[in-house]
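Here is how the chains run, residue by residue.
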There are 2 protein chains.
Amino acid sequence: MPAASIRARVRAEMIDEIKAVARRHLATDGANLSLRAVARDMGMVSSALYRYFPSRDDLLTALILEAYDALGDAVEAADAAVDPRDLRGRWHAACRAARDWALAHPAEYALLYGSPVPGYAAPDDTVLPAQRPPTTLVGILGDGYADGRVTVADDDLPEPVRADLAEITAGLFPGLPESLLARVMAGWTQLFGLISFELFGRLNRAVPHREAYFDHQTGLMADLIGLPR
Amino acid sequence: MPAASIRARVRAEMIDEIKAVARRHLATDGANLSLRAVARDMGMVSSALYRYFPSRDDLLTALILEAYDALGDAVEAADAAVDPRDLRGRWHAACRAARDWALAHPAEYALLYGSPVPGYAAPDDTVLPAQRPPTTLVGILGDGYADGRVTVADDDLPEPVRADLAEITAGLFPGLPESLLARVMAGWTQLFGLISFELFGRLNRAVPHREAYFDHQTGLMADLIGLPR
DNA sequence: GGCACGACGAGAGCGCTGCTCTCGGTTCGT
DNA sequence: ACGAACCGAGAGCAGCGCTCTCGTCGTGCC
């Protein structure tokens, strides 16, 4: 006797299958996901899908949540697989993991980091999973700062910026100097830009050797942050 | 007697008005531009629009081209308005101009730099205007290198990356060391990431003082590139 | 100066979309 | 056992991009 009723279990499986089919459509057809097409693929009529997702946006939100978690898993796993004292190795591993995941799931990456859909507002559930990759990067720097191998940069932060960043460190990595957080955020911004440029075809002709270019660019940011070689 | 016939002139005005109305719709309704809605706003029936643009994508392409040029104009003008020897001032001015234009035209920025539309392939006309902002940044660094105030970084570039970048400098700023170009591209990537994060709402809660944050971050990249203070 | 041609706008229509509502049939909790 | 909740099918609505046809009107040519 299952703890959940048959109906509840079938419903859960149904939701999973809908998401799986939708993800497949996303991968092939791009961002304009069609509920009717998903329903057709499942041998259902489109109105039946609304028993499981009240609207197309809710389906997209579910996919977005799972995508954030998949990306977060990949980045954190890559970081954890490296010797914790090898800060630069961890940095490169985390960056590469993000890039690899994005290249393997371009449509989902575009869903997460592309232009926001006009009417769509990201629900609050997404903000925590969305912070996992940058949080991982902060953690690498924080470990280096904690044992003294990363020294504080002598940036003169404008006071309002220092205050904003202080609130972030308080909830994320207490004690981390704001100037270091500012630098790691520069690295995170750069990482996002690198992946987006590559994925959205902006260096198609210009830079054929994209992997080496990526590693070099992330290395530049590691220098800026002050990760020891 | 006008050189062009009345019909040709009316047609040109019509095209301009369609683009203007479409741009207005883009600003209010976001990226999903509706041909029918544009036609309604002009008191026309939708099929009449096809006399001027063979498809919705062609209208979008026209808007994209104009947007690239507007952004390029803004960045180049901001750069030119600063004393050419004030490299850091030029850098900040160019970066701020890009941000200001993006904040003033968020939908058009999203059109240029957001996730690519699935079926849409950017025509070759767009690649040159698209290169104007990064070219401006390269020019700032190049001027500094030419008169010796920016010294070459001793990065060890992997050979394939060096070769790729050498091809770019050859057509853009002959004689510029590849390692410097790599750093400018890091700055350009970062600039794009900064604007995108801000525009797509990624630092809504985290960083309220966005302008000061922006200036500090672009300053970090100026440091990385080696622009003198 | 007439005239055939081309451009033009309106309208109908096709297939697609997201979404709503109604109607039978099944399953669940009590 | 029975009412309630759930589920899938079907019809339908408004909107979309796009095509085709049909009168109308300006244009360049003879």
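Reading guide: rules and limits
- Residues numbered from 1 in each chain as written.
- Chains lettered and ligands numbered in written order.
- Predicted model: local features only at pLDDT ≥ 70, side-chain atom pairs only at ≥ 80, totals over all residues.
- Heavy atoms only, no water.
- Near = heavy atom within 4 Å.
- Polar contact = N/O pair within 3.5 Å; in protein donor to acceptor, adjacent residues only side chain to side chain.
- Helix = DSSP H or I, 4+ residues; strand = E, 2+ residues; numbered from the N terminus.
- Contact = heavy atoms within 4.5 Å.
- Buried area = accessible area lost by both parts, 1.4 Å probe.
- Salt bridge = Lys/Arg side-chain N within 4 Å of Asp/Glu carboxyl O.
- Nonpolar A, V, L, I, M, F, W, Y, C, P; charged D, E, K, R; others polar.
- Buried < 20%, exposed > 50% of the residue type's maximum accessible area, 1.4 Å probe, protein only.
- UniProt positions renumbered as here; feature names shortened; annotations may be inferred.
- Axes fitted to C-alpha atoms, helices over the stretch in contact; angles between N-to-C directions.
- Parallel < 35°, antiparallel > 145°, perpendicular 65-115°, else oblique.
- Left-handed = near helix turned anticlockwise from the far one by under 90°.
- Least-squares fit on C-alpha atoms with pLDDT ≥ 70 in both.
- Domains from an automatic or database assignment.
- Expected span 1.5 Å × (residues − 1).

- As annotated in an unreviewed UniProt entry, chain A is Transcriptional regulator, TetR family from Micromonospora halophytica.

### Side note on the protein's contact with DNA strand D
(1) Moving on: Near DNA strand D there are 25 residues, and of these A:Arg11, A:Ser47, A:Arg51, B:Leu35 and B:Arg36 occur at the shortest range.
(2) Moving on: The sugar-phosphate portion of DNA strand D accounts for 46% of its atoms within 4 Å of the protein, the bases making up the rest.
(3) Moving on: Separating a base oxygen of DNA strand D from a side-chain N or O atom of A:Ser47 is a distance of 2.6 Å.
(4) Moving on: Between a phosphate oxygen of DNA strand D and a side-chain N or O atom of B:Arg40, the distance comes to 3.2 Å.
(5) Moving on: Taken together, the elements giving at least two residues each to the surface near DNA strand D come down to α1 (6-29) and α3 (46-49) of chain A together with α1 (6-29), α2 (35-41) and α3 (46-49) of chain B.

### What to know about the interface of chain A and chain B
(1) Moving on: Tallying the contact residues gives 47 residues for chain A and 47 residues for chain B.
(2) Moving on: The junction of chain A with chain B conceals about 3,900 Å² of combined surface from both sides, 67% of it contributed by carbon and sulfur atoms.
(3) Moving on: Interface area lost by chain A to chain B is led by A:Asp164, A:Phe197 and A:His216, which between them contribute 14%.
(4) Moving on: Summed over the shared surface of chain A and chain B, the result is 0 salt bridges.
(5) Moving on: Going through the elements one at a time, α6 (106-113), α9 (159-172), α10 (178-199) and α11 (210-225) of chain A are the ones with two or more residues in the side of chain A that touches chain B.
(6) Moving on: Top contributing element to the side of chain A that touches chain B by residue count: α10(A), with 12 residues.
(7) Moving on: For the side of chain A that touches chain B, a count of residues per class yields 29 nonpolar, 11 polar and 7 charged.

### Things to note about α6(A)
(1) Moving on: The buried fraction of α6(A) amounts to 7 of the 8 residues, a majority that puts the element mostly inside the structure.
(2) Moving on: Within the sequence span of α6(A), burial applies to A:Ala107, A:Glu108, A:Tyr109, A:Ala110, A:Leu111, A:Leu112 and A:Tyr113.

### Examining the pattern of salt bridges
Residues and elements named next belong to chain A.
(1) Moving on: Scanning the model with the defined rule gives 36 salt bridges over all chains in all.
(2) Moving on: Put simply, arginine 132 and glutamate 76 hold a salt bridge, and the shortest N to O gap is 2.9 Å. Taken together, the residues arginine 132 in helix α8 (residues 132-146) and glutamate 76 in helix α4 (residues 56-80) connect sequence positions 56 residues apart.

### A short note on the UniProt feature "DNA-binding region" (unreviewed entry) in chain A
(1) Moving on: This chain's UniProt record puts "DNA-binding region" (unreviewed entry) on residues 34-53 of chain A.
(2) Moving on: Split by type, residues 34-53 of chain A is 55% helix and 0% strand. Its first and last C-alpha atoms lie 13 Å apart.

### Side note on the packing of helix α4 (residues 56-80) of chain B against helix α8 (residues 132-146) of chain B
Residues and elements named next belong to chain B.
(1) Moving on: Where α4 contacts α8, the two axes come as close as 8 Å, and the packing angle between them is 20°. By the angle between their directions, the pair α4 and α8 is classed as roughly parallel. Crossing handedness for the pair α4 and α8: right-handed. Facing Asp69, Leu71, Gly72, Asp73, Val75, Glu76 and Asp79 of α4, the residues of α8 in contact are Arg132, Pro133, Thr136 and Ile140.
(2) Moving on: Across the contact of α4 with α8, the residue classes break down as 4 nonpolar, 2 polar and 5 charged.

### As for the relation of the copies chain A and chain B
(1) Moving on: Relative to chain B, chain A is turned by 180° and slid 0.0 Å along the rotation axis, the superposed coordinates differing by an RMSD of 0.1 Å. Between the two chains, the operation in question is that of a two-fold axis.
(2) Moving on: When you check the interface residues of chain A against chain B, 100% turn up at the interface there too, and the contact is symmetric in its surfaces.

### Observations concerning the domain arrangement of chain A
Residue and element names in this part refer to chain A.
(1) Moving on: Under the domain assignment, chain A is made up of domain 1 (1-53) and domain 2 (64-225).
(2) Moving on: Distance from the C-alpha centre of domain 1 to the C-alpha centre of domain 2: 32 Å.
(3) Moving on: Each side of the interface is counted separately: domain 1 has 4 residues, and domain 2 has 4 residues.
(4) Moving on: Buried surface at the junction of domain 1 and domain 2, summed over both partners, amounts to about 420 Å²; 60% is from carbon and sulfur atoms.
(5) Moving on: Ranking the residues of domain 1 by area buried against domain 2 places Lys19, Arg23 and Leu26 at the top, with a combined share of 82%.
(6) Moving on: There are 2 salt bridges connecting domain 1 and domain 2.
(7) Moving on: Note that lysine 19 is salt-bridged to glutamate 66, the shortest N-O span being 2.7 Å.
(8) Moving on: Here domain 1 is connected to domain 2 by 2 residue pairs in polar contact (both at pLDDT 80 or more).
(9) Moving on: Broken down by class, the residue content of the side of domain 1 that touches domain 2 amounts to 2 nonpolar, no polar and 2 charged.

### So, the protein's contact with DNA strand C
(1) Moving on: Around DNA strand C, the surrounding shell holds 24 residues, and the nearest of these are A:Leu35, A:Arg36, B:Arg11, B:Ser47 and B:Arg51.
(2) Moving on: Within 4 Å of the protein, the atoms of DNA strand C are drawn from sugar and phosphate moieties in a proportion of 46%.
(3) Moving on: A:Leu33 is positioned such that a nitrogen or oxygen atom in its backbone is 3.1 Å from a phosphate oxygen of DNA strand C.
(4) Moving on: Looking at the surface near DNA strand C, the elements with two or more residues in it are α1, α2 (35-41) and α3 of chain A together with α1 and α3 of chain B.

### So, α1(B)
Residue and element names in this part refer to chain B.
(1) Moving on: Between its first and last C-alpha atoms α1 spans 34 Å; for 24 residues at 1.5 Å apiece the expected length is 34 Å, and the two agree.
(2) Moving on: Check the buried side of α1 and you find it contacts α2, α3, α4 and α6 (106-113).
(3) Moving on: Of the residues flanking the end of α1, it is glycine 30, one or two places downstream, whose phi is positive at about 85°.

### Some details on the side chain of A:Lys19
Residue and element names in this part refer to chain A.
(1) Moving on: By the element assignment, lysine 19 lies in helix α1.
(2) Moving on: For lysine 19, a relative accessible area of 12% corresponds to the buried category.
(3) Moving on: Within the local environment of lysine 19, its side chain forms a polar contact with the side chain of glutamate 66, the two groups lying 2.7 Å apart.

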